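Here's the letter readout for the chains.
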Amino acid sequence: MQSKSPAVAQGFSLLQNFKSPHRTLRFYQILVLIITFSAYASFHASRKPPSIVKSVLGPKIKPNATIISNQQLNLSSIGTGWAPFDGKRGTLRLGELDLAFLSSYSIGMYLAGLIGDRIDLRLFLSFGMLGSGVFTILFGLGYWLNIHQLGFYLAVQIVCGLFESIGWPCVVAVVGNWFGKAKRGLILGIWNSHTSVGNIFGSIIASSVLEFGWGWSFVLPGLLIIFVGIFVFLFLIIKPEDVGFEIPEKVIEMNGTVDNTENSEKIESEGMTLLDLESSNSSKAISFFDAWRLPGVAPYAFCLFFSKLVAYTFLYWLPFYIRHTAVAGVHLSNKTAGILSTIFDIGGVCGGILAGYLSDKIEGRAVTSMAFLILSVPSLIFYRIYGSISMYTNLTLMLLCGLFVNGPYSLITTAVAADLGTQSIIKGNSRALATVTAIIDGTGSVGAAIGPLLAGYISTRGWNSVFFMLILSISLAGLCLIRVVRSEIVSKLNERKWLCLDRIIEH
């Protein structure tokens, strides 16, 4: 029997006369996946404009460089800067914009989770998408209104970050309601690529209209998320009981005998554990400081801090770097630089999938993460040194950077968080799992806020200094995992699971 909850999407009320035999539970599950995927992809698409327009707002490139563009010598392609971002402190102020957004986003994430548990998720998600769209457009209106006050843009970014933070807790909670019982690692793994897909589409949309004025790069993504938000309001079904189906079991059945491998396949997103498990009946909550003392939590949390610092620096500064770095002696246009930056996101999708596959195959999260981190260092060095030789080498090395940088970042926020939150020492305490996940993701978000800010300041000394910061961060991330890697190797050798490595050591 259908629930009388007012949360049922109104769009389906308009279609009551159309009785389709295909409206099974699977039909609604696929629909929820598509809608939530589109929703969060549009969130990320609306976050890309600041990184795309940095090369237009910021200090102009050196006049002795060659520029290629579909419109030769077009003023908007050359980039004359936009006060207050065009002076010597321009890159610093652009970094402050990133900090304003990411700081409010990090704080808003925790608040959104608390609010989302208490009100209609469909309405809350739609509200967040509408607000994000409005303030994204408002930032772009600064172009036509000729606004040059830094406070205006900072205020818009702060409020926009709060609205954007609503998205993740909501989509994760909805998907958790519909996919809780069976193993759906592959399905949720594909769904979790919405972040990179949104980055790619946002880059393409913002770059394609940049030549008409940087304001359009904000307006179109803003309109997109508003449009998708309306679709969410009309058609998103929050839980199966709203359309007459039984609610699947929760993602994790909390007991002391749950297999870790099965657990890792059931938890597939960085917020799923926090939202799904807080609502379940569980034992006494573990304290914040006790959670920090659990084996592996602190090392992985700090590793994610440095990993996410690097990943988000690329997210917010890569188009600007491509624009200001000659490839084969030629400076690319703003549009071309923005589109080419999507190669990093494509590499990130591949890296996340590959890291997850390898860690399952060898049953070693820490070893896999360490391998990716080690390979990230030469990738960054080669990209900085050889990326300017030709377009082919630039794209290839950029793809490798995305693969190795995003691999451990993706792995830690998914499978690793699940493993740490279900270790035997806490006996399957669901509240402990929620606390552990919050610690790891929260620490990573701090790094995500700091990275782009540091890049803005350090880039004034040259890009070699920025890459040194990135390499240092990756190295520190690896150092955080040394003891965990050692313990993992010893454990596998004792269990005789890595027989080949055991023979190598014996010889």
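Predicted model only: the values in this text are computed from it and were never measured. (Residues numbered from 1 in each chain as written. Predicted model: local features only at pLDDT ≥ 70, side-chain atom pairs only at ≥ 80, totals over all residues. Heavy atoms only, no water.)

Novice: Lay out the nonpolar core in plain terms, naming residues and giving numbers.
Specialist: Counting residues in each nonpolar core, the largest one holds 108 residues, and the members touching the most others are L125, W214 and Y383. If sequence neighbours within four positions are ignored, L125 has contacts with A39, F43, I166, G167, C170, V171, V232 and L236. Listed in part, the 5 residues of the second largest apolar core include A355, F372, L403 and F404. (Core = buried A, V, L, I, M, F, W, Y, C linked by side-chain atoms within 4.5 Å. Buried < 20%, exposed > 50% of the residue type's maximum accessible area, 1.4 Å probe, protein only. Contact = heavy atoms within 4.5 Å.)

Novice: Residue-level account of helix 11 (residues 216-235), with values.
Specialist: Between its first and last C-alpha, helix 11 extends 29 Å over 20 residues, near the 28 Å set by a 1.5 Å rise per residue. Looking at helix 11, one finds that the buried residues are S217, F218, V219, P221, G222, I225, I226, V228, G229 and V232. On the buried face of helix 11, the contacting elements are helix 2 (25-47), helix 3 (49-57), helix 6 (121-144) and helix 10 (194-208). (Helix = DSSP H or I, 4+ residues; strand = E, 2+ residues; numbered from the N terminus. Expected span 1.5 Å × (residues − 1).)

Novice: Just give me the short version of the side chain of Q157, but keep the residues and values in it.
Specialist: Tracing the backbone through its elements, the reader meets Q157 in helix 7 (residues 150-164). Residue classification places Q157 among the buried positions, given a relative accessible area of 5%. Each residue touching Q157, except ones within four places of it in the same chain, is listed here: P50, L97, A100, F101, S104 and F139.

Novice: I'd like to hear about a nonpolar patch on the surface, residue by residue, with values.
Specialist: A cluster of nonpolar residues, L141, W144, L145, F212, W216, L220 and L223, forms a patch on the protein surface that exposes about 680 Å² of accessible area. Within the residue set of the nonpolar patch, elements represented by two or more residues are helix 6 and helix 11. Here the nonpolar patch takes 3 residues from helix 11, the largest share from any one element. Along the chain, W216 falls in helix 11. (Patch = residues over 30% accessible without salt bridge, like charges linked within 9 Å, V, L, I, M, F, W, Y side chains within 5 Å. Areas by Shrake-Rupley, 256 points an atom, 1.4 Å probe, with all protein chains shown as cover. Salt bridge = Lys/Arg side-chain N within 4 Å of Asp/Glu carboxyl O.)

Novice: So what's going on with helix 18 (residues 365-386)? Residues and values would help.
Specialist: A rise of 1.5 Å per residue sets the reference length of helix 18, with its 22 residues, at 32 Å; its end C-alpha atoms lie 31 Å apart and thus fit the reference within 8%. All buried positions along helix 18 are accounted for by R365, A366, T368, S369, M370, F372, L373, S376, V377, S379, L380 and Y383.

Novice: Pulling in residues and values, what's your account of the packing of aromatic side chains?
Specialist: Summed over all chains, the structure comprises 29 aromatic pairs. Ring geometry for Y383 versus F467: centroids 6.2 Å apart, planes at 45 degrees, classification tilted. Separated by 84 residues along the polypeptide, Y383 in helix 18 and F467 in helix 21 (residues 463-480) bring together distant segments of the chain. In terms of burial, Y383 and F467 fall into one category: buried. Through a chain of ring-to-ring contacts, three or more aromatic side chains come together here, namely W82, F85, F139, Y143, W144, F152, Y153, W214, W216 and F218. Of note, K54 hangs over the ring of W317, and the distance from its end group to the ring centre comes to 4.8 Å. (Phe/Tyr/Trp six-rings, centres within 6.5 Å; stacked < 30°, edge-to-face > 60°. Lys NZ or Arg CZ within 6 Å of the ring centre and 35° of its normal.)

Novice: Report on the packing of helix 2 against helix 10, specifying residues and quantitative values.
Specialist: Interaxial distance between helix 2 and helix 10 falls to 7 Å at its minimum, and their mutual angle equals 50 degrees. What the angle tells us is that helix 2 and helix 10 run oblique. Note that helix 2 runs across helix 10; the crossing there is right-handed. Taking contact as the criterion, the partners of F37, Y40, A41, H44 and A45 in helix 2 are, on helix 10, H194, T195, V197, G198, N199 and G202. Residue composition of the contact of helix 2 with helix 10, by class: 5 nonpolar, 6 polar and no charged. (Axes fitted to C-alpha atoms, helices over the stretch in contact; angles between N-to-C directions. Parallel < 35°, antiparallel > 145°, perpendicular 65-115°, else oblique. Left-handed = near helix turned anticlockwise from the far one by under 90°. Nonpolar A, V, L, I, M, F, W, Y, C, P; charged D, E, K, R; others polar.)

Novice: Before we move on, could you go through the state of the cysteines and cite the residues and values that matter?
Specialist: Inspection of every chain in the model, using the stated rule, returns 0 disulfides. Looking at the unpaired C303, the closest cysteine sulfur is the one in C480, lying at 6.1 Å. Residue C303 is classed as buried on the basis of its relative accessible area, which comes to 0%. (Disulfide = S-S within 2.5 Å.)

Novice: Can you lay out the confidence of the model for the chain for me, pointing to particular residues and giving the numbers?
Specialist: For the chain, per-residue confidence averages 78 on the pLDDT scale, and residues scoring 70 or more make up 73% of the total. Taken together, the stretch residues 1-7 has pLDDT below 50 and engages in 17 contacts with residues farther than four places along the chain or on a different chain. Within the model, pLDDT remains below 50 along residues 181-186, and this stretch shows 9 contacts once partners closer than five positions in the same chain are excluded. (pLDDT = per-residue confidence, 0-100.)

Novice: Break down the packing of helix 18 against helix 21 for me, citing the residues and quoting the values.
Specialist: At a closest axis distance of 9 Å, the pairing of helix 18 and helix 21 adopts a crossing angle of 170 degrees. Considered as vectors, helix 18 and helix 21 are oriented roughly antiparallel to each other. Touching M370, L373, S376, V377, L380, I381, Y383 and R384 of helix 18 are W463, N464, F467, L470, I471, I474, S475, A477 and G478, all from helix 21. The residue makeup of the contact of helix 18 with helix 21, split by class, is 12 nonpolar, 4 polar and 1 charged.

Novice: Give a description of unusual backbone geometry that names residues and reports values.
Specialist: For the bond from A83 to P84, the omega torsion is 10 degrees, close enough to zero to count as cis. Tracing the backbone shows P84 in the loop between helix 4 (75-78) and helix 5 (90-116). Not every positive phi belongs to a glycine, and N146 is a case in point at roughly 60 degrees. You can see N146 is positioned in the loop between helix 6 and helix 7.

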